[in-house]
Amino acid sequence: MRIGMGIRLLETLTSALYEDPIVLFREYVQNSADAFIRHPAVDNKIEITINQDDRTIEFLDNGYGVEYDEFEHKMRNIGISDKGSAIDQIGFRGIGRLSAMPFCRELIFTNKLEGSSEVQKFSWNGEKYNKLLSQSTSDDLEKAVDEITKYWSEKYSGDDSEHFFKVTLVSYGDEISELISMGEFDDNLSKILPVKYADAFSAKQQIHDHYADFMGDRLEKFEFDVFLNGNQLFKPYTNENILESDIVFWDLCFDKTSDDMPNEKIGVMWFTFNRKVSSNPPKSPRGLYVRSKNMLLGTEYAIADSVTKGNKEYVATYRELTQTLNGIYGELLIDTARLSDNARRDWFRIDASSIQLRTILTDYLRKLKAYRYAASQAFNDKQTQAKKQKVIAAYEDLTKGFDSKKFEQEFYDTTEEPKEDNTFFYADDDIPRRSITAKKFYEEILIGLKQYCTAIDGEQGIESFIKIRTFLKQYLNSRD
Amino acid sequence: MSNDSKVLQWLAEEDSLPAKEPHEEPPRKSYDKKIVAWLDMLGIRAKIKDEKTNDAESIINIMSQMASYVSSSCDKYMAEGVMSYLQIADGFMLVADLNYADQVCSIIADIQWKILINLKMLSRGAITAGNVSVANNGSLIIGPAYVDAYAMESENAIYARTIISDAFLSETKDYLSFKFIKEDFDRTNYIDYIHYIMDKQSFDSKRMHKILVEQGICKELKKSYDPKNTPKINIRQKYGWTMSLLSRNKIEII
């Protein structure tokens, strides 16, 4: 019996998986990145060009495109990846190429092969697609696809030797307009795309070298030159993000499956933190970004999500974990054949391997939290030996013995006492998961309250302020 | 005369010695039909001769590793009295009853894999079946099958593979079900140890590729296959053959 598949399935495959339009930028850039991994070209380049006047977006890569005879078939296909068996593909599943469908009037794929005098084009008509969605009750997906797609080829006016693959979003919708006009759009793209570290980030070479040593492979093969309207995007790390601990590495392996096999590797985690772990500014790339083949999964709190969901082992509340993560900068760079991204690409499919990863991350968060707590205790009382021993042990545990002598010296160097940072954000420290409006309101109230307390009682007023803030924090905690 | 030739000559002389006059001694031990396998690590001699490295410890370490692979695979069969093995420098000889054909093939495949993945070295061997005698609790193995296995390995295996003689296939036809014996381009049968390990571990080619990359095997193979690093064609071809073995198992070397 033939299974009826209607256009609703297409809707589910596109819009349901990609609610946030920023994801489509990731999808198309990753598509180009995959093409480069399969078939590297000289000076691989991915250019995103946004024209806000005529509301078009182009994703152009100088890769070798799709084989002439396969282009139409692949562009029409749904849910069949064109990545074949390429071993290092970043892992999209055919449906990724349609991620812009709900957000534009027309989606055009252009394929130009080296040596060819023509370009092939394939379009998906978003307008007709939306119309079909509102009217059709058809269960014939193939017929619906025929109605909304078109294939043609035309003479190429440029040089035959050129080769490229281009995706054009024509007349994009208001969701994308809104996204692009947000002040932090470039920064957000830099966080999610598989771009390079800036040369100015002095830990770049250290991370590359450590990754190559441990993984036996180069991280650079997953890093790409991506340009947004002519400006190259880089990962948003600067030297300011290298904190007092310097760069600490954790090398992650799966357990041995048998005596015949070496430990299979998961990836490399690098992170950096201050001796006293306090929240880093919210606009900086704080937290731990998990990247599979350099593609971002979830948010900076992805590991807190993973550790708190369905885990028998309790580490701390979600809030405590995110607060702890706010105190570090880092990335977990994963490349393994044993983990597959889940459909939403915010974590990995649940299986024995991802559970093993969760166990490692649980251990990591436990150690990070233990250090944060011990450091906070020791910072306030540098005389008590037990606290000193505890913080040194916690540091050694977290960093696996990384320069703990230096740490001890610096931690107990009393010549310079840390001062409260002017950029301290109360809301993120106290209520990290609330809405932006609530956070802003809370932030302003606290700043005003602090000013009031110090104006009335000077330095003594700080004590009253801290008491009120503690009360508010407890009150908000109890409401959650 | 090379050491190999001396060994062969000695074995041939031993083989052709006239039978001693029977007297009150126990009956002379006769040959039995058994499986004989010989596996040799490639590149050890070059390491020993390499005056630059002059690192006896690493060589001893490699030898002991190999000894541990052999003993961990064979000891339980030794205890049952159905198998014997003898390590001779960088190689080892294994003798087993004919009905242990599958186990011998698995042991050889396992050891070839361990040598590759843990020691980053290649190995070459041969398996045959014929007349052999094991004496002194396994410390002495003699007989025509011994000579055959040794000669096959050094003369016919050529590449980093374990070849299988026709005699082995015919003598063990009632017992052999090992499915990773393949025919090579020169019509020689060999053990596809990569396929065997993938099957044993239920790994696909993508996962196997990743392991080989992580352990630096792909890099090592590519490096050694490069004429700039390995000018001698007879050595380079061993790496080339191993790369083609991976490729036959759909494992890309990139």
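Everything numeric in this text was worked out from a predicted model, so none of it was measured.

Definitions and limits used
Residues numbered from 1 in each chain as written. Chains lettered and ligands numbered in written order. Predicted model: local features only at pLDDT ≥ 70, side-chain atom pairs only at ≥ 80, totals over all residues. Heavy atoms only, no water. Helix = DSSP H or I, 4+ residues; strand = E, 2+ residues; numbered from the N terminus. Buried < 20%, exposed > 50% of the residue type's maximum accessible area, 1.4 Å probe, protein only. Contact = heavy atoms within 4.5 Å. Pairing = 2+ DSSP bridges. Axes fitted to C-alpha atoms, helices over the stretch in contact; angles between N-to-C directions. Parallel < 35°, antiparallel > 145°, perpendicular 65-115°, else oblique. Left-handed = near helix turned anticlockwise from the far one by under 90°. Nonpolar A, V, L, I, M, F, W, Y, C, P; charged D, E, K, R; others polar. pLDDT = per-residue confidence, 0-100. Phe/Tyr/Trp six-rings, centres within 6.5 Å; stacked < 30°, edge-to-face > 60°. Lys NZ or Arg CZ within 6 Å of the ring centre and 35° of its normal. Core = buried A, V, L, I, M, F, W, Y, C linked by side-chain atoms within 4.5 Å.

A. The arrangement of the overall build of chain B in detail. Broken down by element type, chain B carries 10 helices and 8 strands. The buried share among the 254 residues of chain B stands at 50%. By sequence separation, contacts in chain B at least 24 residues apart represent 69% of the contacts at least 6 residues apart.

B. Examining the pairing of strand 11 (residues 265-273) of chain A more closely. All names here are of chain A. Most of strand 11 is tucked away: 9 of the 9 residues are buried. With 6 bridges connecting them, strand 10 (residues 248-253) and strand 11 associate as antiparallel partners. Counterpart to Leu 252 in the pairing with strand 11 is Gly 267. Of the pairings in the sheet, the one linking strand 11 to strand 14 (residues 328-334) comprises 7 bridges and is antiparallel in character. The residue of strand 14 that forms the bridge with Thr 272 is Tyr 329.

C. Representation of the packing of helix 2 (residues 22-38) of chain A against helix 7 (residues 185-192) of chain A in the model. All names here are of chain A. Relative orientation of the contacting elements helix 2 and helix 7 amounts to 45°, with a least axis distance of 10 Å. Considering their axes alone, helix 2 and helix 7 lie oblique with respect to each other. In the crossing of helix 2 with helix 7, the sense of the turn from one axis to the other is right-handed. The residues of helix 7 that touch helix 2, namely those facing Ile 22, Phe 25 and Arg 26, are Phe 185, Asn 188, Leu 189 and Ile 192. When its residues are assigned to classes, the contact of helix 2 with helix 7 shows 5 nonpolar, 1 polar and 1 charged.

D. Structural detail: the confidence of the model for chain B. Taken as a whole, chain B shows an average pLDDT of 85; of its residues, 86% reach a score of 70 or greater. Reported for the predicted complex are a pTM of 0.79 and an ipTM of 0.75.

E. The arrangement of the packing of aromatic side chains in detail. All names here are of chain A. For the structure on display, the rule yields 34 aromatic pairs over all chains. Look at Phe 201 and Trp 270: their rings are 5.9 Å apart centre to centre, the planes differ by 45°, and that puts the pair in the tilted class. With a gap of 69 residues between them, Phe 201 in the loop between strand 7 (196-197) and helix 8 (204-215) and Trp 270 in strand 11 connect regions that are remote in the sequence. Neither residue differs from the other here; Phe 201 and Trp 270 are each classed as buried. Here the aromatic residues Trp 250, Phe 271, Phe 273, Tyr 364, Tyr 371, Phe 379, Tyr 395, Phe 407 and Phe 411 are joined through ring pairs into a cluster of three or more. The ring of Trp 250 carries Lys 400 above its face, with NZ or CZ at 3.9 Å from the centroid.

F. Inspection of the sheet that holds strand 12 (residues 287-292) of chain A at higher detail. Residues and elements named next belong to chain A. Spatial strand order, 10-11-14-12-13: 5 strands in an open sheet with mixed pairing. The open sheet has two edge strands, strand 10 and strand 13 (295-297), and neither has a second partner. Adjacent strand axes in the sheet meet at a mean angle of 25°, parallel and antiparallel pairs treated alike. Across the sheet, helix 8 touches strand 10, strand 11 and strand 14, and the angle it forms with strand 11 is around 150°.

G. Here's a closer look at the nonpolar core. Residues Phe 25, Ile 48, Ile 57, Phe 59, Leu 107, Leu 169 and Leu 189 of chain A are the most contacted members of the largest nonpolar core, which totals 67 residues. Among the elements that take part in this core, helix 2 of chain A stands out by supplying 9 residues, more than any other. Sequence-distant contacts of Ile 57 of chain A, defined by excluding residues within four places in its chain, comprise Phe 25, Ile 48, Thr 49, Ile 50, Val 167, Thr 168, Leu 169, Tyr 172, Ile 176 and Ile 180 of chain A. Met 66, Tyr 77, Ile 111 and Leu 119 of chain B belong to the second-largest nonpolar core, a separate cluster that totals 66 residues.

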